[in-house]
Amino acid sequence: MVKIEQASCIGCGQCVADCVNGLIQIEHGKAVVQNENCNRCSHCVAICPQKAILIEELPQDITEYTEETAKTSPEQLLNLVRFRRSIRQYQEREIAQQVLEQILEAGRFMPTGSNTQDVQYTVVQKNLPEVRSLVWEGLKAYVEKTLHHEAASELERRVASRIQKLVSQHDTGEVGEILFFQAPVLLVISANAVNNAVLAAAAIELMANACGLGCLFSGFIQRGLKNSPAALEKLDLDGNKICITMLLGYPAVSYCRSAQRKPVQVSWR
């Protein structure tokens with residue numbers, strides 16, 4: 001429920017102008033809630049100069065906007081993006097609970113369509129050894145299902161053939177760890193809408209880098225997880241809602257500079 005403290009409200013109308021559902025109006029010089037068709041976007045809370053508005057059922061951990069709390073230069077942010085790498089070499093070092101919680105906070109504050117806030121996280125640490133084995137079994141099932149399915153597309157068959165080679169290398173011990181890379185944490189991000197999970201994952205990766213961690217997005221792990229009923233049951237996951245799987249850990253490698261990239265592709269109209 002949106003609560004407006006009438007004694008503090010000065011009737012400036014900023015909350016009225018910013019409410020996407022038009023649920024707030026000014027009456028007798030004060031802001032009042034006209035209906036409860038609220039999607040809990042909390043813009044009214046953020047914009048009120050008097051701190052007169054709260055959404056009662058949401059957490060009250062609000063940060064005040066100041067030059068200090070908002071201080072990040074464009075150069076600093078761009079360099080954080082430039083220097084991030086997909087990490088495939090990890091230290092044998094655990095990630096503290098408080099660090100993981102701080103990283104997930106970055107995802108919590110990213111936008112979601114219609115403000116559904118439907119993104120859910122599963123942090124796999126303790127059960128990771130068992131889950132690793134189940135994911136490999138899921139990949140075998142995926143390969144079998146895809147390569148023997150007449151309706152499978154050419155792209156699906158190419159992906160399945162590549163995974164089949166990885167499975168063979170894993171089973172024979174031909175190479176070292178080629179899927180989980182000894183990372184201590186697997187993060188599974190689920191949502192009703194893929195875009196919501198993608199936005200959260202992008203922020204989480206940058207926050208992880210800011211905390212000294214590295215990440216690797218893995219479509220292979222995602223396929224294996226979705227094709228392993230045992231893994232889904234173990235983690236209490238709905239395979240249809242899994243959008244992102246990413247490894248987290250402290251890098252065992254240091255990069256000296258940013259990587260090269262193609263020029264930005266843009267059309268100015």
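Residues numbered from 1 in each chain as written. Predicted model: local features only at pLDDT ≥ 70, side-chain atom pairs only at ≥ 80, totals over all residues. Heavy atoms only, no water.

A. Quick look at the overall build of the chain. For the chain, the helix and strand inventory stands at nine helices and eight strands. Computed over the C-alpha atoms, the radius of gyration of the chain is 23 Å, more than 25% above the 18 Å expected from 2.2 N^0.38 for a compact globule of 269 residues. Based on the C-alpha atoms only, the size of the chain along its principal axes is roughly 75 × 50 × 45 Å. Expressed as a percentage of its 269 residues, the buried residues of the chain come to 36%. Taking as baseline every contact in the chain between residues at least 6 positions apart, the subset at least 24 positions apart corresponds to 74%. For the chain, the accessible area works out to roughly 16800 Å², and carbon and sulfur atoms hold 50% of it. (Helix = DSSP H or I, 4+ residues; strand = E, 2+ residues; numbered from the N terminus. Rg over C-alpha atoms; globule rule 2.2 N^0.38 Å. Buried < 20%, exposed > 50% of the residue type's maximum accessible area, 1.4 Å probe, protein only. Contact = heavy atoms within 4.5 Å. Areas by Shrake-Rupley, 256 points an atom, 1.4 Å probe, with all protein chains shown as cover.)

B. Examining the side chain of Thr112 more closely. Mapped onto the elements of the fold, Thr112 is located in the loop between helix H4 (97-108) and strand S5 (120-124). In terms of polar contacts, Thr112 uses its side chain to reach the backbone amide nitrogen of Thr116, at 3.2 Å. Reaching out from Thr112, the side chain makes a polar contact with the backbone nitrogen of Gln117 at a distance of 2.9 Å. Other than its neighbours up to four places away in sequence, Thr112 contacts Gln117, Asp118, Val119 and Asn196. (Polar contact = N/O pair within 3.5 Å; in protein donor to acceptor, adjacent residues only side chain to side chain.)

C. Seen up close, the sheet that holds strand S7 (residues 214-217). The four strands are arranged S5-S6-S8-S7 in an open sheet whose pairing can be described as antiparallel. Only two strands of the sheet have a single neighbouring strand rather than two, namely S5 and S7. Neighbour-to-neighbour, the strand axes of this sheet turn through a mean angle of 25°, independent of strand direction. Each of S5, strand S6 (185-190) and strand S8 (242-249) is contacted by H4, which is oriented at about 155° to S5, the strand it contacts most. (Pairing = 2+ DSSP bridges. Axes fitted to C-alpha atoms, helices over the stretch in contact; angles between N-to-C directions.)

D. Fine view of the packing of aromatic side chains. Under the criterion given, the structure shown has zero aromatic pairs. A cation over a ring is seen here: Arg93 above Tyr250, with NZ or CZ 3.7 Å from the ring centre. (Phe/Tyr/Trp six-rings, centres within 6.5 Å; stacked < 30°, edge-to-face > 60°. Lys NZ or Arg CZ within 6 Å of the ring centre and 35° of its normal.)

E. Focus on the packing of helix H5 (residues 128-147) against helix H6 (residues 154-172). In contact at an axis separation of 9 Å, H5 and H6 are set at 140° when each is read in the N-to-C sense. For the element pair H5 / H6, the angle class is oblique. Crossing of H5 against H6: the hand is left-handed. Along its contact with H5, which presents Trp136, Leu139, Lys140, Tyr142, Val143, Thr146 and Leu147, the element H6 presents Glu156, Arg157, Val159, Ala160, Ser161, Ile163, Gln164, Leu166, Val167, His170 and Asp171. (Parallel < 35°, antiparallel > 145°, perpendicular 65-115°, else oblique. Left-handed = near helix turned anticlockwise from the far one by under 90°.)

F. Spatial organisation of the nonpolar core. By size, the foremost hydrophobic cluster in this structure holds 33 residues, and its most contacted members are Ile163, Leu179, Phe180, Leu186, Leu225 and Leu247. Put simply, the parts of the chain that give this core at least two residues each are H5, H6, S6, helix H8 (219-226), helix H9 (229-235) and S8. Residues contacting Phe180, with those up to four places away along its chain left out, are Leu128, Arg132, Val135, Trp136, Leu186, Ile221 and Leu247. Ile95, Leu100, Ala197 and Cys215 belong to the second-largest nonpolar core, a separate cluster that totals 21 residues. (Core = buried A, V, L, I, M, F, W, Y, C linked by side-chain atoms within 4.5 Å.)

G. Expanded view of H8. The complete set of buried residues in H8 reads Phe220, Ile221, Gln222, Gly224 and Leu225. Its side-chain oxygen 3.0 Å from the backbone nitrogen of Ile221, Ser218 forms the N-cap of H8.

H. Representation of a nonpolar patch on the surface in the model. There is a patch of nonpolar side chains on the surface, built from Leu77, Leu78 and Val81 and spanning about 240 Å² of accessible area. Tracing the backbone through its elements, the reader meets Leu78 in helix H3 (residues 74-83). A relative accessible area of 42% places Leu78 in the partly exposed class. (Patch = residues over 30% accessible without salt bridge, like charges linked within 9 Å, V, L, I, M, F, W, Y side chains within 5 Å. Salt bridge = Lys/Arg side-chain N within 4 Å of Asp/Glu carboxyl O.)

I. Looking closely at the pattern of salt bridges. Evaluated as defined, the whole model comprises nine salt bridges. A salt bridge links Arg84 to Glu205; the shortest N-O distance between them is 2.7 Å. Of this pair, Arg84 sits in the loop between H3 and H4 while Glu205 sits in helix H7 (residues 194-210); the two residues are 121 residues apart in sequence, bridging distant segments of the chain. Judged by its relative accessible area of 7%, Glu205 falls in the buried class. The salt bridge involving Glu137 is made with Lys140; its shortest N-O contact spans 3.5 Å. With Glu137 and Lys140 both in helix H5 and three residues apart, the pair spans about one turn of that helix.

J. Local environment of H7. Between its terminal C-alpha atoms H7 stretches 25 Å, which fits the 24 Å expected from 17 residues at 1.5 Å a residue. Three or more residues of H7 are buried, namely Asn196, Ala197, Ala200, Ala201, Ala203, Ile204, Glu205, Ala208 and Asn209. In the core, the buried residues of H7 are packed alongside H3, H4, S5, S6, S7 and S8. Phi for Gly212, located one or two positions after H7, is positive at around 85°. (Expected span 1.5 Å × (residues − 1).)

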